[in-house]
Amino acid sequence: MRQPGLLSAAVLLLASVGFYAEIALPTRIMGDYDVWAYFYPLRAYAAAAVQQGRFPLWNPDIFLGTPFFANPQTSLLYPGTILFYLLPVPYAYSLNVMLHVFLAGAFTYVFLRRALGVGAAGALLGALAFAFGGPVSAQVGHVNQLSATPWLPAALLCADSAYRKRSVRWVALGALAIGVQLLAGHSQVTYMTLAAVASLLAWRVLEDVWGTGTRTEHRSGSLRSVAWAIGVAVGLAGLGAALAAAQLVPTWELTRESIRSGGLTYSEAIAFSLPPNQLPRSVLPGYWANGFSEFMGYVGLVPLVFAAIGLAFGRRGVAGWASILAVAAIVLALGGADPLYPLLYHVPGLNLFRVPARWLLLYSLGAASLAALGVDWVLSHQRPRLSQRAIIVGLFVVAWVVGSVPFLSPEPRMVALWLGGLIVGAGLAIALWRWRSQWLVAPLLLAAALDLRLAAVDLPVRHAIPSDAWEAQRPLPAYLQQRQPGRVLSIAPTEYEVEDAPALAAAHPELDPAALFAYKTVLKLDEVMSPNTSLHYQLSAVDGYDGGVLPLRRYLDLASLLVPKSELRSDGVLRTRLKSLPSPALLRFFGVGAVIAHQIQEPLAQPPGLTRRAFAGVEVYESPSPSTSVSLIPGARSVDDEAVLAALRADPGRAQTQEVLLAAEAGPNPLQGIGTVSLVRDPGRPETLTYRRTSGRGSGYLLVDDSWFPGWHAQVDGVDTSVYRADVLFKAVWVPPDAQVITLTYEPDSLKLGAFISLAALAAIAIIVLKL
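As the structure is a computational prediction, the values presented were derived from the model and not from experiment.

Now, about the environment of Leu558: what can you tell me, with residues and values included?
Relative to the assigned elements, Leu558 resides in helix 26 (residues 553–559). Taking the relative accessible area as the measure of exposure, Leu558 reaches 0% and is therefore buried. Note: C-alpha distance between Leu558 and Leu64 (494 residues apart in sequence) is 10.0 Å. What Leu558 contacts, discounting residues up to four positions off in sequence, is Leu64, Phe589, Phe590, Leu645, Leu648, Asp727, Val728, Leu729 and Phe730.

Now the structure itself:
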């Protein structure tokens, strides 16, 4: 048992490195959009903070300030994130990909062996099909989703062992898997994992019930089985969530203030459903034309042949569970195209997530399990029986092939590859059945690996870019980093060619056209300071980019001063919506010190107070160096947000000089200030803002153009005071006469509560695992 396991681990590790050979060395890195504009910057911000000895709770540099740790996609507590604190961010990302693909294969192998009772050869084929199939391979550009995936088979293994062995220890280990998966930062994968666990436990219960003898034993055994299955499911989910509470509680608080606070509408929930006419292409490899990444559901043609064998002849119970899992996943992946989905939308939790096509992940696990069963059956050397199940499978395959023809419309060479893969798979199956030789297992695994590698020939990772794209700074970002102009606002498109394109091509003749295009594209994203690339340069931007719980919903309200609300993107990106330069008053209101444009746009009228500077086709309009001195604002009104927005549209400058527009909940009689006062802000950490009086004795409101959020506290000369929400999104503090020092600190109670729950859960798991 031990030798096959070690050999299989070595095969999976070698396959993981070989499959991602393009990024195995630090000289080449991934350069697709989400990696460059989202995950690299977030990890760079976190790494810089940790290396400075700071736990990054707050990020003032995107979306006008927002919680950082509470965003689950930062994955600060996930063990794998440690790589990003120790290594250059892009290479840490590459190693993270290979590590988690290996873990996905390794956990699947152990699950198939121990839970489903599959032999070593079948388990290894199933592990390859799952770890290198489309649903996993397509997500290497989403590190949180990829990191969460290996814990799916791990949780299934623990749940199955806990049920069959009636073991609380395995429940605790399963909860550990669920907790770690939640910390990876993609709760949709956890939701799918729990659904798979529920299906597995239901299958085990049915097996136990059907195997019970007398009626009395039947009733008693059924109740015990159901009770234990429920206990296992609740234990995994409850204790796992408690373990991840340090992340989940702050995330819940953030969700209440974010664009996700009202949940998803039906139209949002069915976004990126798998179109039925694309289902045939989804489960077949597309090679050089795979299409949209979320619709990639293939497991390889060689494994698909063995999956059909497993479905037709594999052990009845296991094959039933795997096939039901695969079919149910496809039904859910169809989303809005499924006539039952309007009812399923109301299933608790299902309406919290977009992209139903992601359920293809469970299809791939079901299909991989069937492939493993197929290898087992072939190696058992049983004579094929024309059973009812085999006939049904055969008719289904024929119907599927015939029905798919109108939707495929493939190129002849793609048809040839499909036929070749199926013929190779069938030939290997016949050879294994005929001779039952272990020497044929190696060609089978090699054929499956090559099949999957060829299927992924067009993935973005195949077109890795030079690491100097991250290390070298373009002239404009370098200038802004040295200048520190305040917030940056970009209205520049990327539809242009970088000026040094010929030099880049000459310096890297080894790059294929797609890699060279990606290389130049990421450089342009830096040049136009596309969100969130500013974090890489430790610069602040007005907007940001996020596809999860951010931005805050009030950020979008305030951003409607710049872009009509009907044209705002829900992910917060303003660069692609801004068509002209905002007024000087709005630029001052948002703290903008530099506006980035490009010469392909119509020439901008020289804004008053801004200086134009050109950088090889990109141009920046900048204001004089921002002053560190701020003044107290003497007036205030308490009004609702719609009235605030109307007042700001009419005169945004008034909010900065004459009166603060407080949220209605601040009270009907805000204090009025007197006199003139100047304060200077001390440099410090984003979680602590300190202002000191430099002149004047009067009173008034200190307006901080950084987002208000629960957890911000203020002290004036050491005395606690309120932090008001002002101008829709910002923070305001009342400063009495003669007060000298004002300190605002972000210390969310949600973090303390979550940490307490997590520590208690961790202690409970440790006690259960070590003592029971």
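Anyway, onward from the coordinates.
Go over the packing of aromatic side chains with me, naming the residues and quoting the values.
By the definition in use, this model includes 33 aromatic pairs. Look at Trp58 and Trp712: their rings are 5.2 Å apart centre to centre, the planes differ by 85°, and that puts the pair in the edge-to-face class. With Trp58 in strand 2 (residues 58–59) and Trp712 in strand 16 (residues 712–716), this residue pair connects regions lying 654 residues apart in the sequence. Ring geometry for Phe63 against Tyr555: centres 5.2 Å apart, planes inclined by 70°, an arrangement best described as edge-to-face. Taken as a pair, Phe63 in the loop between strand 2 and strand 3 (66–67) and Tyr555 in helix 26 lie far apart in primary sequence, 492 residues in all. In this structure, Phe63 and Tyr555 share a single accessibility class: buried. Through successive ring pairs, a cluster of aromatic residues spans Trp36, Tyr40, Phe84, Tyr93 and Trp470. A cation sits over an aromatic face here: Arg166 above Tyr163, 4.5 Å from the ring centre. One cation-aromatic arrangement involves Arg462 over Tyr20; the distance from NZ or CZ to the ring centre is 5.9 Å.

Break down the side chain of Ser467 for me, citing the residues and quoting the values.
With respect to the helices, strands and loops of the structure, Ser467 is situated in the loop between strand 4 (465–466) and helix 22 (468–471). Not counting the four nearest positions on each side in its chain, Ser467 is found in contact with Pro26, Thr27 and Ile29.

Residues and numbers for the environment of Trp170, please.
For Trp170, the location among the structural elements is in helix 9 (residues 168–184). Residue Trp170 is classed as buried on the basis of its relative accessible area of 18%. Considering only alpha carbons, one finds Trp170 and Leu157, 13 residues apart in sequence, at a separation of 9.0 Å. Excluding residues that lie within four positions of it along the chain, Trp170 makes contacts with Cys158, Ser161, Ala162 and Lys165.

Account for unusual backbone geometry, naming residues and giving values.
Of note, the bond from Pro531 into Asn532 is cis; its omega dihedral lies within 30 degrees of zero at 0°. Residue placement: Asn532 occurs in the loop between helix 25 (513–527) and strand 6 (540–541). Even without glycine at this site, Ser75 takes up a positive phi of about 55°. Position of Ser75 relative to the elements: it lies in the loop between strand 3 and helix 3 (82–86).

Help me get a handle on helix 8 (residues 151–165), residues and values and all.
Between its first and last C-alpha atoms helix 8 spans 21 Å; for 15 residues at 1.5 Å apiece the expected length is 21 Å, and the two agree. For helix 8, the tally of buried residues reaches 13 of 15 residues, placing the bulk of the element in the interior. Arg166 occupies a position one or two residues after helix 8 and carries a positive phi of about 50°.

Residues and numbers for the packing of helix 15 (residues 301–313) against helix 18 (residues 360–379), please.
It is at 6 Å that the axes of helix 15 and helix 18 come closest, and there the two elements cross at 75°. As judged from the angle between their axes, helix 15 and helix 18 are roughly perpendicular. Facing Pro303, Leu304, Phe306, Ala307, Ile309, Gly310, Leu311 and Phe313 of helix 15, the residues of helix 18 in contact are Tyr363, Ala367, Leu370, Ala371, Leu373, Gly374, Val375, Trp377 and Val378.

Which residues make up the pairing of strand 12 (residues 659–663), and what values go with them?
Side-chain positions along a regular strand alternate between the two faces of the sheet. In terms of residue burial, strand 12 counts as a mostly covered element, since five of its five residues are buried. With five bridges joining them, strand 11 (residues 635–639) and strand 12 adopt parallel strand pairing. Looking at the pairing, Gly635 lines up with Glu659 of strand 12.

Give a detailed account of a nonpolar patch on the surface, specifying residues and quantitative values.
A cluster of nonpolar residues, Ile82, Leu86 and Leu87, forms a patch on the protein surface that exposes about 290 Å² of accessible area. Its relative accessible area of 65% is what places Leu86 among the exposed residues.

Describe the nonpolar core, listing the residues and the values that go with them.
Ranked by size, the top nonpolar core spans 245 residues in total, and within it Phe306, Leu480, Tyr555, Leu558, Phe590 and Leu744 carry the most contacts. Ranked by residue count, the leading element in this core is helix 18, at 15 residues. Ignoring sequence-local partners within four residues, the contact set of Phe590 consists of Leu64, Arg487, Val542, Leu558, Leu561 and Leu562. One finds Ala172, Leu243, Ile765 and Ile768 within the second-largest nonpolar core, a separate group that totals seven residues.

Now, about the sheet that holds strand 6: what can you tell me, with residues and values included?
The mixed open sheet is built from five strands, whose spatial order is 6-5-7-9-8. Single-partner strands in this sheet number two, and they are strand 6 and strand 8 (611–615). Two strands pair when backbone bridges link them, and strand 8 and strand 9 (residues 618–622) are joined in this way by five bridges, in the antiparallel orientation. Bridging from a neighbouring strand, Arg613 pairs with Val620 of strand 9. Of the strands in this sheet, strand 5 (487–490), strand 7 (592–598), strand 8 and strand 9 touch helix 23 (residues 475–483), which is tilted by about 20° from strand 9.

An account of helix 23 is needed here, citing residue identities and associated values.
For helix 23, every residue scored as buried is listed here: Leu476, Pro477, Tyr479 and Leu480. Seen from one end, helix 23 has its buried residues packed into an arc of 160°, which puts them on one side. Within helix 23, the exposed residues directed more than 90 degrees away from the buried face are Pro475 and Gln482. Residue Gln484 follows helix 23 closely and has a positive phi angle near 50°.

So, the packing of helix 10 (residues 187–210) against helix 16 (residues 316–333): which residues are in play, and what are the values?
Axis separation between helix 10 and helix 16 bottoms out at 11 Å; the angle between their running directions is 150°. When the axes of helix 10 and helix 16 are compared, the pair comes out roughly antiparallel. In the packing of helix 10 onto helix 16, the handedness of the crossing is right-handed. Residues Ala196, Ser199, Leu200, Trp203 and Glu207 of helix 10 touch helix 16, and the partners they reach there are Gly317, Val318, Trp321 and Leu325.

Parameters at a glance
- Residues numbered from 1 in each chain as written.
- Predicted model: local features only at pLDDT ≥ 70, side-chain atom pairs only at ≥ 80, totals over all residues.
- Heavy atoms only, no water.
- Helix = DSSP H or I, 4+ residues; strand = E, 2+ residues; numbered from the N terminus.
- Buried < 20%, exposed > 50% of the residue type's maximum accessible area, 1.4 Å probe, protein only.
- Contact = heavy atoms within 4.5 Å.
- Phe/Tyr/Trp six-rings, centres within 6.5 Å; stacked < 30°, edge-to-face > 60°.
- Lys NZ or Arg CZ within 6 Å of the ring centre and 35° of its normal.
- Expected span 1.5 Å × (residues − 1).
- Axes fitted to C-alpha atoms, helices over the stretch in contact; angles between N-to-C directions.
- Parallel < 35°, antiparallel > 145°, perpendicular 65-115°, else oblique.
- Pairing = 2+ DSSP bridges.
- Patch = residues over 30% accessible without salt bridge, like charges linked within 9 Å, V, L, I, M, F, W, Y side chains within 5 Å.
- Areas by Shrake-Rupley, 256 points an atom, 1.4 Å probe, with all protein chains shown as cover.
- Salt bridge = Lys/Arg side-chain N within 4 Å of Asp/Glu carboxyl O.
- Core = buried A, V, L, I, M, F, W, Y, C linked by side-chain atoms within 4.5 Å.
- Arc of directions from axis to C-beta.
- Left-handed = near helix turned anticlockwise from the far one by under 90°.

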